[in-house]
Amino acid sequence: MATFEGLASLQPFSVPLGAYAKLSPDQLARATRYGIERTYTCATRLYRQSERWADLYIVLAGAVQTVWSDAINGEEYFITLEPGEFSGELNLLNQRETLIGARALEGSTILRIPRERLREFLIAETDISEQVVWTIVQRRQWFVQIGVGGLVMIADGESGDSERLARFLAANSYPFRSIDLSRSSESRSVAQERGLQEADLPAVISRKWMLKRPQLCALADKLGISEDVREGITWDVLVVGAGPAGLATAVYAASEGLRTLVLDNYAAGGQAGTSSRIENYLGFSNGVSGAELAKQAQVQAEKFGATVAICRSVTGIDCSEEAFLVGLNDDKAVAARAVVIATGAKYRKLNVAELERFEGAGIHYSATPVDVRTCVGQPIVIVGGGNSAGQAAMFLSARASHVHMLIRGPRLSSTMSDYLVQRILASKAITLHPRSEVVSLEGTTHLSHVTWQSRATGEKTRLETEHLFVMIGADPCTAWLRDCVNLDANGFVRTSSGSEDRGPFETSVRGIFAVGDARSGSIKRVASAVGEGSVVVAGIHRYLGTFGA
Ligand SMILES: Cc1cc2nc3c(=O)[nH]c(=O)nc-3n(C[C@H](O)[C@H](O)[C@H](O)COP(=O)(O)OP(=O)(O)OC[C@H]3O[C@@H](n4cnc5c(N)ncnc54)[C@H](O)[C@@H]3O)c2cc1C
């Protein structure tokens with residue numbers, strides 16, 4: 001088992017099973033066919049922390065020491081790998097910077113599998129691939145827990161901007177630690193040393209750079225998660241949106257040899273990524289968190305060779321050219337032979353004064369661990385009667401002191417799955433307020449009170465609470481399509497009825513497909529989004545003429 005130095009200060013510290021799995025002697029023997037073996041007579045650096053394109057190193061004898069240092073105090077942390085263990089994590093599947101460097105110790109024999117052969121290795125040796133992929137996902141989850149890589153956010157109390165950055169990093173599974181200027185002397189001295197004024201916060205500091213009050217996309221560019229989307233390439237398939245539908249499309253398209261690019265304006269996972277626990281997705285009898293499902297799906301797509309670029313917002317599409325030209329937020333354009341619209345839907349906002357002032361300062365649109373951490377022991381309010389509101393109510397009721405659930409209708413049953421309705425009605429920690437609407441919000445820098453009114457009696461209730469969860473449905477993200485394809489009256493994309501030469505997911509324009517929540521008439525569920533994303537690839541092949549009709 002790998003050994004750890006310098007980590008005792010990082011709490012909570014429990015290495016998940018599988019984060020340092022070993023290959024068996026038989027697997028090691030097979031791996032040697034893909035790599036180059038070398039014995040190091042002295043300690044030698046294999047790659048630095050923050051390097052791109054690092055190869056895979058497997059310890060055959062001796063040890064590899066992996067190391068990273070904290071961006072602020074420079075403290076170094078070491079994890080030493082034993083024979084059978086291997087270096088790397090999610091960066092092995094993409095071109096992003098490594099979070100952690102590696103060096104071979106004196107006398108060690110190490111197998112290097114170069115990037116050019118890594119995909120072939122992972123596809124041909126399925127049992128090893130399974131183990132490597134499982135291990136690197138576990139490793140990343142643990143790295144996120146303890147902040148490996150040394151990225152530090154200096155927060156300014158509970159401001160909306162700090163929360164926005166923390167939420168974005170968490171949604172993208174990017175490890176960081178946060179120190180708060182208002183609470184820690186460490187952050188005050190760091191701010192002083194770096195010449196940071198209060199107006200510069202929140203700031204994000206890595207070993208190589210510092211960003212003051214960064215825009216999310218500027219941060220994504222620095223972290224490399226936006227990928228270098230080069231112009232001049234024509235992709236076989238461009239998938240717009242990395243929710244369940246887009247990621248499923250990418251897995252099937254890339255695994256069937258199509259050159260696939262996925263663009264998302266925020267993070268992989270879409271709406272599902274914000275769900276605390278999805279309990280009705282086939283195969284996960286104990287439920288699965290949206291974040292985990294998203295991470296696994298992204299890794300799966302990347303393993304097959306898809307490129308997933310984050311913070312790439314699609315702003316328009318030119319359907320008149322033979323290869324479609326899709327415009328991005330940074331004025332770049334991407335060309336593709338086929339386009340899949342998988343942009344899903346975006347949560348609706350409450351029609352109440354001052355809502356925007358409290359967004360990021362008490363108003364939540366999801367119930368992820370980032371949202372929940374400040375709610376512990378406090379009363380909270382949830383608005384909405386759909387499944388997402390129901391799940392949030394169950395999840396939060398175990399943490400908040402009490403959950404008040406407001407719905408416009410007289411009862412829950414018409415809009416929510418029965419298993420959730422039963423649990424909510426049985427819970428002593430949840431009070432359901434039927435026929436109720438939020439009428440005002442109060443607070444200074446943070447939400448402090450929510451008032452709602454009963455539509456039946458007119459009675460108003462004013463509750464002291466710092467947290468309002470708004471879960472009242474979503475509208476399609478299709479404005480960028482403008483006049484290119486036919487939309488229905490509510491803005492969802494119309495697809496064909498499945499005639500012989502056009503599959504069920506082709507839009508009014510040949511070569512442009514739509515799947516998942518953005519599609520008119522779709523069932524708004526994870527499983528149906530995934531199903532549509534998987535099936536659409538047959539239609540793409542048919543259109544591209546590579547698969548035969
Ligand atoms: C909190 C919550 C809990 C849920 N729980 C469940 C559940 O338990 N079971 C279940 O079956 N369903 C559940 N759902 C519904 C389910 O998550 C959705 O049906 C599913 O995510 C739809 O997938 P999708 O890929 O079509 O779209 P989305 O998940 O909406 O993904 C679309 C993606 O496209 C991106 N995007 C949008 N516009 C652009 C653009 N212009 N450029 C680039 N990217 C863009 C978005 O950022 C997003 O990542 C839940 C939804 C929510 C909100």
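Residues numbered from 1 in each chain as written. Predicted model: local features only at pLDDT ≥ 70, side-chain atom pairs only at ≥ 80, totals over all residues. Heavy atoms only, no water.

Draft legend 1. Region of the structure containing the packing of helix H7 (residues 244-255) against helix H8 (residues 290-303). Running from N to C, H7 and H8 point in directions that differ by 25°, and their axes come no closer than 8 Å. As the angle between them shows, H7 and H8 are arranged roughly parallel. For the crossing formed where H7 meets H8, the hand is left-handed. On H8, the residues touching Leu247, Ala250, Val251 and Ala254 of H7 are Ala294, Ala297, Gln298, Gln300 and Ala301. Residue composition of the contact of H7 with H8, by class: seven nonpolar, two polar and no charged. (Axes fitted to C-alpha atoms, helices over the stretch in contact; angles between N-to-C directions. Helix = DSSP H or I, 4+ residues; strand = E, 2+ residues; numbered from the N terminus. Parallel < 35°, antiparallel > 145°, perpendicular 65-115°, else oblique. Left-handed = near helix turned anticlockwise from the far one by under 90°. Contact = heavy atoms within 4.5 Å. Nonpolar A, V, L, I, M, F, W, Y, C, P; charged D, E, K, R; others polar.)

Draft legend 2. Spotlight on the nonpolar core. With 69 residues, the main nonpolar core has Leu219 and Ile540 as its most contacted residues. Considering every element that reaches this core, the biggest residue donor is H7, with six residues. When sequence neighbours within four positions are dropped, the list of residues in contact with leucine 219 reads Leu165, Phe168, Leu169, Val204, Trp209, Leu211 and Pro214. With 26 residues, the next largest nonpolar core counts Val314, Phe324, Leu481 and Ala514 among its residues. (Core = buried A, V, L, I, M, F, W, Y, C linked by side-chain atoms within 4.5 Å. Buried < 20%, exposed > 50% of the residue type's maximum accessible area, 1.4 Å probe, protein only.)

Draft legend 3. Spotlight on the pattern of salt bridges. For the coordinates displayed, the defined rule picks out 28 salt bridges. Between glutamate 279 and arginine 423 there is a salt bridge; the shortest N-O distance is 3.0 Å. One end of the pair, glutamate 279, is in the loop between strand S14 (260-264) and H8; the other, arginine 423, is in helix H11 (residues 418-426), with 144 residues separating them in the sequence. By sharing partners, the salt bridges in this structure join Asp26, Arg30, Arg33, Glu125 and Asp127 into a single network. (Salt bridge = Lys/Arg side-chain N within 4 Å of Asp/Glu carboxyl O.)

Draft legend 4. Region of the structure containing the site of the ligand. Around the ligand there are 34 residues in total, and Asp264, Asn265, Gln271, Gln391 and Asp517 lie nearest to it. Here an oxygen atom of the ligand sits 3.3 Å away from a polar atom, N or O, in the main chain of alanine 272. Within the backbone of valine 526, one N or O atom sits 2.9 Å away from an oxygen atom of the ligand. Burial of the ligand by the protein chains amounts to 91% of its free accessible area of 1000 Å². Grouping the amino acids of the shell around the ligand by side-chain chemistry returns 15 nonpolar, 14 polar and five charged. (Near = heavy atom within 4 Å. Polar contact = N/O pair within 3.5 Å; in protein donor to acceptor, adjacent residues only side chain to side chain. Areas by Shrake-Rupley, 256 points an atom, 1.4 Å probe, with all protein chains shown as cover.)

Draft legend 5. Quick look at unusual backbone geometry. Residue proline 202 is bonded to the preceding leucine 201 through a cis peptide linkage, with omega at 0°. Summarising the element assignment, proline 202 is placed in the loop between helix H5 (185-193) and strand S11 (203-205). With phi around 50°, serine 173 is a residue other than glycine that occupies positive phi space. In this structure, serine 173 sits in the loop between helix H4 (160-171) and strand S10 (177-180). Positive phi values are uncommon outside glycine, yet arginine 482 reaches one of about 40°. As for its placement among the helices and strands, arginine 482 is situated in the loop between strand S28 (474-476) and strand S29 (512-514). Taking the relative accessible area as the measure of exposure, arginine 482 reaches 56% and is therefore exposed.

Draft legend 6. Geometry of the sheet that holds strand S4 (residues 56-61). Ordered by their spatial adjacency, three strands build an open sheet running S2-S8-S4, and the pairing between neighbours is antiparallel. At either margin of the open sheet sits one strand with a lone partner, and together these are strand S2 (36-39) and S4. The sheet shows a mean angle of 25° between the axes of neighbouring strands, taken without regard to direction. Of the pairings in the sheet, the one linking S2 to strand S8 (residues 109-113) comprises four bridges and is antiparallel in character. The partner of isoleucine 36 across the bridge, within S8, is arginine 112. Where helix H2 (residues 115-124) meets the sheet, it contacts S4 and S8, and its direction lies at approximately 85° from that of S8. (Pairing = 2+ DSSP bridges.)

Draft legend 7. Examining the side chain of asparagine 94 more closely. Along the chain, the position of asparagine 94 falls in the loop between strand S6 (76-81) and strand S7 (101-104). Here asparagine 94 falls in the buried class, since its relative accessible area comes to 10%. A distance of 3.0 Å separates the side chain of asparagine 94 from the backbone nitrogen of arginine 96, its partner in a polar contact. Dropping the residues within four chain positions of it, asparagine 94 is found in contact with Arg115, Glu227 and Glu302.

Draft legend 8. How the structure looks around the sheet that holds strand S24 (residues 436-443). Spatial ordering of the open sheet is given by S24-S25-S26, a layout of three strands whose pairing is antiparallel. Two strands in the sheet have a free side with no partner beyond their single neighbour: S24 and strand S26 (460-464). Mean inter-strand twist for the sheet, computed between neighbouring axes without regard to direction, equals 20°.

Draft legend 9. Structural context of the environment of glycine 270. For glycine 270, the location among the structural elements is in the loop between S14 and H8. The spatial distance from the C-alpha of glycine 270 to the C-alpha of alanine 171 is 9.6 Å, given a sequence separation of 99 residues. Contacts of glycine 270, omitting those with residues within four sequence positions, involve Ala242 and Gly243.

Draft legend 10. Region of interest: the packing of aromatic side chains. Within this structure, the stated rule accounts for nine aromatic pairs. Grouping aromatic residues by their ring pairs yields a cluster made of Tyr20, Trp142 and Phe143. In this structure, arginine 259 packs its charged tip against the face of tryptophan 235, placed 5.9 Å from the ring centre. In this structure, lysine 303 is placed above the aromatic ring of phenylalanine 304, and the distance from its NZ or CZ to the ring centre is 5.0 Å. (Phe/Tyr/Trp six-rings, centres within 6.5 Å; stacked < 30°, edge-to-face > 60°. Lys NZ or Arg CZ within 6 Å of the ring centre and 35° of its normal.)

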